[in-house]
Amino acid sequence: MNAALSGTVTARAGQRRRSGLFGGRLLTVYTWVVIGWLCLPIAVMIVFGFNNTHGRFNNTWQGFTLKWYGELFAIGDLTTALLNSITIALLTMVIAGALGTLIGLALGRYRFRGQGSMNLVMFAAISAPEIVMGASLLSLFVNLGVPLGYWTILAAHVMFSLSFVAVTVRARAMTLDPSLEEAARDLGAGAWSTFRLVTLPMIFPAVMAGSLLAFALSVDDFIITSFNAGGETTFPLWIWGATRVGLPPQVNVMGTLIFMVGMMLATLNALLARRRA
């Protein structure tokens, strides 16, 4: 009787192990299929940056070449659009990173009147459709008589990126141990020294993550930019306008370089976070 019961238990345990092993393998395969599907457009972009095309349309493989990397800045309007996108994204990263860090720190560490409304505004800005944000900012600039161009694009990008930085920093600030800051003040550190030497290093991974997110959102944005660009052109706007006559291979090369820089920054941030941990 005991032997039969033991054999049944062993058989059921073996079935569970086999079922768990099969489920784990299926989940692994599914994960890699999804990752491959998401990376496929990026791979196509990278490959066609080496395409030796001879016409306006870069959608048929005609041979391998490196000449487009040497002629990266041969199209003046495209170069100007790329520089606009990069400089606006860098300024957005700095401005939204600084302002969003202070807002996130205030929301995560302190209690004050209007805190609930501030949280609501932050999450509403994230969840609102981009067309709503773009149209509202356009109405604001028009009613104030502000000419549309480079600076209105920058202001718009800071506005919609600010909430992402604030929410990221807020989540980190809520987990900080206040006794560390109290110990610094007990040892004679002032408010600024405590923030610079204790608080900022602890929240820096979140600050960096939020700032990089603001950079990526700025480079990538099309809808809000198109509402507030006026006569200015950014990289996404130039690509949209060029699709009707054919995209040059330089677009693929620039996209590849932007992707590589983003990957390096994300990897560097992860390594720094791991080193601090």
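Positions within a chain are numbered from 1, following the residues in the order the chain's sequence is written. Side-chain atom pairs in this predicted model are given and counted only at pLDDT of 80 or more, local residue features only at pLDDT of at least 70, and totals for whole chains, interfaces and linings cover all residues. By convention in this description, side-chain values take in all heavy atoms of the structure and omit both hydrogens and water.

**Q** How should the environment of Leu-217 be read in this particular structure?
**A** We count a stretch as a helix when DSSP gives it H or I for four or more residues in a row; a strand needs E for two or more, and each element gets its number in order from the N terminus. Within the secondary structure, Leu-217 is located in helix α8 (residues 191-220). Exposed residues in this analysis have more than 50% of their type's maximum accessible area, buried residues have under 20%, and partly exposed residues fall in between, with area computed by a 1.4 Å probe over protein chains only. The exposure class assigned to Leu-217 is partly exposed, which follows from its relative accessible area of 23%. The spatial distance from the C-alpha of Leu-217 to the C-alpha of Phe-164 is 9.6 Å, given a sequence separation of 53 residues. Throughout, a residue-residue contact means that at least one pair of heavy atoms, one from each residue, lies within 4.5 Å. Not counting the four nearest positions on each side in its chain, Leu-217 is found in contact with Phe-160, Ser-161 and Phe-164.

**Q** Can you walk me through the side chain of Asn-252 in this structure?
**A** Residue placement: Asn-252 occurs in helix α11 (residues 249-276). Exposure remark for Asn-252: the relative accessible area of 13% places this residue in the buried category. With residues near it in sequence (within four places) discarded, Asn-252 still touches Met-45, Phe-48, Gly-49 and Asn-58.

**Q** Explanation requested: empty space enclosed by the protein in the structure shown.
**A** A 1.4 Å probe that fits but cannot get out identifies a cavity on a 1 Å grid over protein atoms alone, an open set with protein on both sides within 12 Å along at least five of seven lines counts as a pocket, and a residue lines either if it has an atom within 4 Å of a point. Grid points are joined across faces, edges and corners, and a volume is the space filled by probe spheres set on the points. Counting across every chain of the model gives one cavity of 30 Å³ or more. Space inside the largest cavity adds up to approximately 40 Å³. Together, Ser-85, Ile-88, His-157, Ser-218, Val-219, Asp-221, Thr-225, Thr-234 and Pro-236 line the largest cavity. At the level of secondary structure, the elements contributing two or more residues to the lining of the largest cavity comprise α3 (76-109) and α8.

**Q** Could you clarify how one ought to interpret a nonpolar patch on the surface in this entry?
**A** Candidates for patches are residues over 30% relative accessible area with no salt bridge; among them, like charges are joined within 9 Å and nonpolar side chains (Val, Leu, Ile, Met, Phe, Trp, Tyr) within 5 Å. Computed with the Shrake-Rupley method and a 1.4 Å probe, the accessible areas treat only the protein chains shown as cover for residues. Only one rule defines a salt bridge in this text: a Lys or Arg side-chain nitrogen within 4 Å of an Asp or Glu carboxyl oxygen. Together, Leu-27, Tyr-30, Val-34, Trp-37, Leu-38, Leu-40 and Val-44 line one region of the surface with nonpolar side chains, adding up to about 760 Å² of accessible area. Checked against the element boundaries, Val-34 lands in helix α1 (residues 2-48).

**Q** What am I meant to see in the packing of aromatic side chains here?
**A** Each Phe, Tyr or Trp ring (for Trp, its six-membered ring) is paired with any other whose centre lies within 6.5 Å, and the angle between the two planes then decides the class: stacked below 30 degrees, edge-to-face above 60, tilted in between. The tally for this structure, following the rule as stated, stands at five aromatic pairs. Relative to Phe-64, the ring of Phe-50 has its centre 5.3 Å away and its plane inclined at 15°; by these criteria the two rings are stacked. In this pair, Phe-50 is assigned in the loop between α1 and α2 (67-70) and Phe-64 in the loop between α1 and α2, connecting sequence segments 14 residues apart. Clustering of aromatic rings is evident, with ring pairs tying together Phe-50, Phe-64 and Tyr-69.

**Q** Looking at this structure, I do not really get the nonpolar core. What am I missing?
**A** One recurring pattern in soluble globular proteins is that nonpolar side chains are buried together. Core analysis: the biggest nonpolar cluster contains 13 residues, and Leu-105, Val-165, Val-169 and Ile-203 have the highest contact counts within it. Secondary structure elements with two or more residues in this core: α3, α6 (150-173) and α8. The leading source of residues in this core is α8, at six residues. Setting aside its immediate chain neighbours within four residues, Val-165 contacts Ala-96, Gly-97, Gly-100, Thr-101, Gly-210, Ser-211 and Ala-214. We define a nonpolar core as any set of buried Ala, Val, Leu, Ile, Met, Phe, Trp, Tyr and Cys residues linked to one another through side-chain atoms lying within 4.5 Å. With 11 residues, the next largest nonpolar core counts Leu-82, Phe-235, Ala-242 and Met-254 among its residues.

**Q** Looking at this model, I keep getting lost on the packing of α3 against helix α4 (residues 115-127). Mind explaining?
**A** The description of two packed helices rests on the angle between their axes and on the distance between the axes. Where α3 contacts α4, the two axes come as close as 11 Å, and the packing angle between them is 135°. Between α3 and α4, the interaxial angle falls into the category oblique. Classified by chirality, the crossing of α4 by α3 is left-handed. For the pair α3 and α4, the contacting residues are Ile-103, Ala-106 and Leu-107 in the first and Gln-115, Met-118, Asn-119 and Met-122 in the second. Asp, Glu, Lys and Arg are counted as charged, while Ala, Val, Leu, Ile, Met, Phe, Trp, Tyr, Cys and Pro are counted as nonpolar; the rest, among them Gly, fall into the polar class. When its residues are assigned to classes, the contact of α3 with α4 shows five nonpolar, two polar and no charged. Lines fitted to C-alpha atoms define the axes here, with helix axes fitted over just the stretch in contact, and angles between the N-to-C directions of these axes take values from 0 to 180 degrees. What sets the label is the angle itself: under 35 degrees gives roughly parallel, over 145 gives roughly antiparallel, 65 to 115 gives roughly perpendicular, and the rest give oblique. When the near helix sits turned anticlockwise from the far one by under a right angle, the crossing is termed left-handed; a clockwise turn instead gives a right-handed crossing.

**Q** It is not clear to me how the layout of surface pockets should be interpreted in this structure. Could you clarify?
**A** The gaps of empty space that remain are located by a probe, the size of a water molecule, rolled over the atoms. Approximately 510 Å³ is the volume found for the largest pocket. What lines the largest pocket is a set of 16 residues, and nearest its centre among them are Ala-216, Val-219, Asp-220, Ile-258 and Phe-259. For the lining of the largest pocket, the elements supplying multiple residues, two or more each, are α8, α10 (235-242) and α11. The dominant element in the lining of the largest pocket, judged by the number of residues it contributes, is α11, at seven residues.

**Q** Would you explain the packing of α4 against α6 in this entry?
**A** Relative orientation of the contacting elements α4 and α6 amounts to 125°, with a least axis distance of 9 Å. By the angle between their axes, α4 is oblique relative to α6. Considering how the two elements wind past one another, α4 and α6 form a crossing that is left-handed. Contact residues: Asn-119, Met-122, Phe-123, Ala-125 and Ile-126 in α4; Ser-163, Phe-164, Ala-166, Val-167 and Arg-170 in α6. Split into classes, the residues belonging to the contact of α4 with α6 amount to seven nonpolar, two polar and one charged.

**Q** Just checking my understanding: could you explain the side chain of Thr-65 for this structure?
**A** Here Thr-65 is to be found in the loop between α1 and α2. In protein, a polar contact requires one atom able to donate a hydrogen and another able to accept it; more generally it is a pair of N or O atoms within 3.5 Å, and residues adjacent in sequence count only if both atoms are side-chain atoms. A polar contact of 3.2 Å, which involves the side chain of Thr-65, links it to the backbone nitrogen of Lys-67. Apart from the residues within four sequence positions on either side, Thr-65 is in contact with Phe-50, Asn-51 and Asn-52.

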